[in-house]
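Coordinate analysis (summary)
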Amino acid sequence: QLRGVSGRCPADERSMSSRLRVTPTADKEETSSISSTPSDSPAFARRLGPEMLPLMLTAGQSSADQTPQLSGRAVAVGLAVGTVLCFTNMYFGLQTGWVTMGSIQSAVVGFAVFRFCWPRGGTPFGPHENVVVQSIAVATATMPLAGGFVGIVPALQMLSPPVRLSVAQQLAWCGGLTYFGIFFAVPLRRQTILVEQLRFPSGTATAKLIDTLHTRHEGGGRWRVLGWSFGASYCLSLLAYFAPAFANLRPFDWLCLPAASAWHWTVRPSLSYVGQGMIMGQRSALSMLAGALTAWAVLGPMAVSRGWVAATARPAGTPPAAAEAAEGGCAAPPLPEGAINSWEVGAQGWLLWVAMGLMVSEALSSLAVLTAKQFLMPPPPSASAAQSGAPGGGEGEAEEGGGGGGGGGAGGGGGGAAAEDGGGDPLEVAPPSQLVPARWWLGGLGASALLCVAIVAPLFSIPAWQLLVSICLSCLLAVLGVRALGQTDLEPVSALGKLSQIAFAVLAPGHLVTNLVAGAIAEAGAMQAGDLMQDLKAGHLLGASPRAQFYAQLIGSSASVLVTVAAFNMYTSAYGCAGEAGWECEQFQAPVAHVWKDMAVLMQQGVAALPPSALAFAKAFALLGVALPLAEAAAGESALGRLLPSGIAFGIGMYVKPDWTLPRVAGSVLEWAWRRRSPRSHERHMLMAASGFVLGEGIASMVTLALKSLRG
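Residues numbered from 1 in each chain as written. Predicted model: local features only at pLDDT ≥ 70, side-chain atom pairs only at ≥ 80, totals over all residues. Heavy atoms only, no water.

Re the overall build of the protein
Assigned secondary structure in the protein consists of 31 helices and six strands. Looking at the protein residue by residue over its 712 residues, the buried ones come to 58%. Working note: accessible area of the protein is about 25,900 Å², and carbon and sulfur atoms make up 65% of it. (Helix = DSSP H or I, 4+ residues; strand = E, 2+ residues; numbered from the N terminus. Buried < 20%, exposed > 50% of the residue type's maximum accessible area, 1.4 Å probe, protein only. Areas by Shrake-Rupley, 256 points an atom, 1.4 Å probe, with all protein chains shown as cover.)

Overview of helix α11 (residues 188–195)
One turn of an α-helix holds 3.6 residues; hence residues three or four places apart share an orientation. Within α11, six of the eight residues are buried, leaving the element largely enclosed by the surrounding structure. Taken residue by residue, α11 has Leu188, Arg189, Thr192, Ile193, Leu194 and Val195 as its buried positions. At the C-terminal side of α11, glutamine 197 shows a positive phi close to 50°.

Re the nonpolar core
Grouped together as the largest cluster of nonpolar side chains are 132 residues, with contacts concentrated most on Trp173, Trp583, Phe588, Met654 and Tyr655. When sequence neighbours within four positions are dropped, the list of residues in contact with tryptophan 583 reads Leu94, Pro154, Gln157, Met158, Phe568, Thr572, Cys577, Phe588, Gln589 and Ala590. Counting residues in hydrophobic clusters, the runner-up holds 41 residues, among them Val133, Ile136, Trp223 and Met686. (Core = buried A, V, L, I, M, F, W, Y, C linked by side-chain atoms within 4.5 Å. Contact = heavy atoms within 4.5 Å.)

Notes on the packing of helix α17 (residues 282–305) against helix α27 (residues 612–635)
In the contact formed by α17 and α27, the axes pass within 14 Å of each other and the chain directions differ by 165°. Viewed along their axes, α17 and α27 adopt a mutual orientation that is roughly antiparallel. α17 and α27 meet at a crossing whose hand is right-handed. For the pair α17 and α27, the contacting residues are Arg283, Thr294, Leu299 and Met302 in the first and Phe617, Phe621 and Glu632 in the second. Residue composition of the contact of α17 with α27, grouped by class: four nonpolar, one polar and two charged. (Axes fitted to C-alpha atoms, helices over the stretch in contact; angles between N-to-C directions. Parallel < 35°, antiparallel > 145°, perpendicular 65-115°, else oblique. Left-handed = near helix turned anticlockwise from the far one by under 90°. Nonpolar A, V, L, I, M, F, W, Y, C, P; charged D, E, K, R; others polar.)

Considerations on a nonpolar patch on the surface
On the surface, Trp254, Leu255 and Leu257 cluster together into a nonpolar patch covering about 390 Å² of accessible area. Tracing the sequence through the fold places tryptophan 254 in helix α14 (residues 251–254). When its relative accessible area of 66% is taken as the criterion, tryptophan 254 is described as exposed. (Patch = residues over 30% accessible without salt bridge, like charges linked within 9 Å, V, L, I, M, F, W, Y side chains within 5 Å. Salt bridge = Lys/Arg side-chain N within 4 Å of Asp/Glu carboxyl O.)

Some remarks on the packing of aromatic side chains
For the coordinates displayed, the defined rule picks out 21 aromatic pairs. For the pair tryptophan 308 and tryptophan 350, a centre-to-centre distance of 6.0 Å together with 25° between the ring planes defines the contact as stacked. One end of the pair, tryptophan 308, is in the loop between α17 and α18 (347–376); the other, tryptophan 350, is in helix α18, and 42 residues separate them in sequence. Centre to centre, the rings of tryptophan 440 and tyrosine 551 are 6.1 Å apart; their planes meet at 35°, and the pair counts as tilted. Of the two residues, tryptophan 440 is situated in helix α21 (residues 438–460) and tyrosine 551 in helix α25 (residues 546–574); the sequence distance between them amounts to 111 residues. With relative accessibility at 28%, the residue tryptophan 440 sits in the partly exposed group. Of note, arginine 268 hangs over the ring of tryptophan 660, and the distance from its end group to the ring centre comes to 4.0 Å. (Phe/Tyr/Trp six-rings, centres within 6.5 Å; stacked < 30°, edge-to-face > 60°. Lys NZ or Arg CZ within 6 Å of the ring centre and 35° of its normal.)

Structure representation (structure tokens):
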């Protein structure tokens with residue numbers, strides 16, 4: 001659900017999938033909704049699997065139902081919600097690299113709009129329209145990452161000389177990366193959702209939330225929680241804007257420990273980051289805290305004191321200089337300019353090299369473990385039944401299931417491709433009229449690939465064959481990414497981008513721009529495919545039309561080309577990020593862009609690009625990155641496996657300043673305490689509160705953007 005390092009800020013999969021538990025026997029209304037589902041037949045149940053039965057809705061009508069799914073009002077609300085989330089993702093992404101898929105927030109806000117703001121009367125707003133709303137909103141919201149605007153585009157500006165794209169070029173670039181991942185996701189749906197029935201925890205959680213919203217007609221408790229949390233976050237953000245001293249409190253200064261404050265052990269009263277921690281879960285948040293302590297309390301101060309960073313470097317053999325006496329009783333000892341905060345000559349850049357050793361090796365090791373599991377795992381029972389014609393998988397029963405519920409509560413196909421010959425698929429429960437014909441996705445994949453080459457090749461003077469290779473590599477890596485997402489809720493888009501960069505270090509050695517562009521293409525394809533598969537899982541569980549979701553993704557992605565470019569230029573202009581020397585912005589340091597740029601430099605210059613001291617530590621942390629996924633795979637679901645830190649989250653904590661990590665840790669602790677103290681209240685209200693926190697500051701960022709622009 002959450003993205004981070006070039007990608008997804010790792011969310012604890014258990015916390016995401018278990019926070020919306022819909023237990024069939026826990027509520028009389030819900031039990032009756034299941035028993036009255038039109039397609040509640042043994043054959044249909046066998047075909048769907050037990051995990052899907054609790055999500056068949058009373059409101060999920062049979063295929064004879066003519067209730068529209070891709071309606072004009074669903075498109076309008078989806079685009080409005082997605083635009084807000086797009087600006088929110090641009091804001092947080094440029095700050096810390098955090099981007100949210102936003103499916104849960106989209107479903108909640110979409111439902112709230114139609115319940116409280118839409119005129120009464122007319123066709124009721126049903127769960128299938130809500131699926132379309134959140135599909136459009138997600139496609140619109142995630143373009144800041146898929147289009148490279150929180151990573152690649154700033155990284156290009158950090159090169160020497162800077163590579164700047166005009167607004168027209170940004171629009172063309174974004175349009176070139178938008179579509180091929182969407183078309184490629186369509187044929188993946190059958191294997192991952194129908195045959196193997198991968199969990200896709202965030203998609204399943206979204207489906208359960210939509211089910212709950214539309215079947216449990218509760219009082220206003222949930223909405224009061226959402227409103228109060230939104231209001232608190234919004235007001236606190238505005239207070240920080242009008243009173244900047246409140247935006248980052250320095251409690252260690254009050255204790256006469258100014259050195260701790262200098263290393264960013266400060267407190268940002270940001271409820272949005274608290275909400276992120278509540279969603280992300282304890283494992284990821286505590287792993288980030290461990291990384292922050294290792295880097296910003298131990299390694300960073302050590303590197304500065306021993307002269308390992310360029311800003312404090314001294315001739316070999318020279319002993320560390322004694323700290324100068326500070327003026328005043330509690331003033332921090334003076335340090336050279338940029339000794340801590342400079343990405344080029346300070347501790348922050350030095351720590352990034354060390355963190356990259358951990359993150360790249362952990363990502364590659366995780367991919368190796370995932371690939372090995374695919375070859376070693378036995379075929380799923382559903383796959384075997386389909387291939388052998390076992391009972392419950394026959395063509396006649398498939399027609400019965402599809403006719404009974406393909407359009408609605410039957411749990412229709414989540415975005416699959418329709419067979420051109422009209423033959424029945426023994427696993428398919430959606431009618432052919434709701435599937436995506438093979439000629440559509442094949443033609444669209446070819447056209448979108450040619451569009452990407454036609455735009456990007458002249459834009460960066462890259463040979464067309466290299467871009468075609470990059471697109472093919474992107475599709476192959478998307479398969480790995482989608483499978484990882486389905487199994488763990490973590491899509492290793494960072495690792496996939498780095499793999500592409502490594503490949504292009506061989507195909508186009510010495511070309512920094514080509515290396516960055518190749519990584520961007522790999523990340524875009526994998527991310528777009530992964531987002532669509534999460535949406536398709538939710539739609540599959542709820543019986544939404546896969547073709548409607550496919551249209552929704554295309555609509556949202558197309559609109560987001562304009563929205564994303566507008567958001568990027570509005571934020572960077574208001575905060576003065578595009579300086580003469582490249583990227584110069586205190587508000588938006590774009591840490592993900594530094595990761596991309598340094599990886600490209602590493603691929604161009606080899607290990608000679610690293611300071612010697614950083615190289616030694618990077619090698620040590622690379623060994624840790626290799627070991628963690630292997631240990632996690634060996635430990636499985638045991639207590640030891642749950643105690644192991646997340647390598648990617650640990651690495652993010654090393655290069656993101658601690659003041660951004662601490663509120664996330666606070667949020668994860670708050671979520672844990674809430675779950676332990678009041679499980680029922682936690683189940684009903686936690687995600688509402690967390691969503692309100694995130695959305696409140698996101699809306700406030702748009703308001704402060706307007707105020708800052710008016711001030712000039």
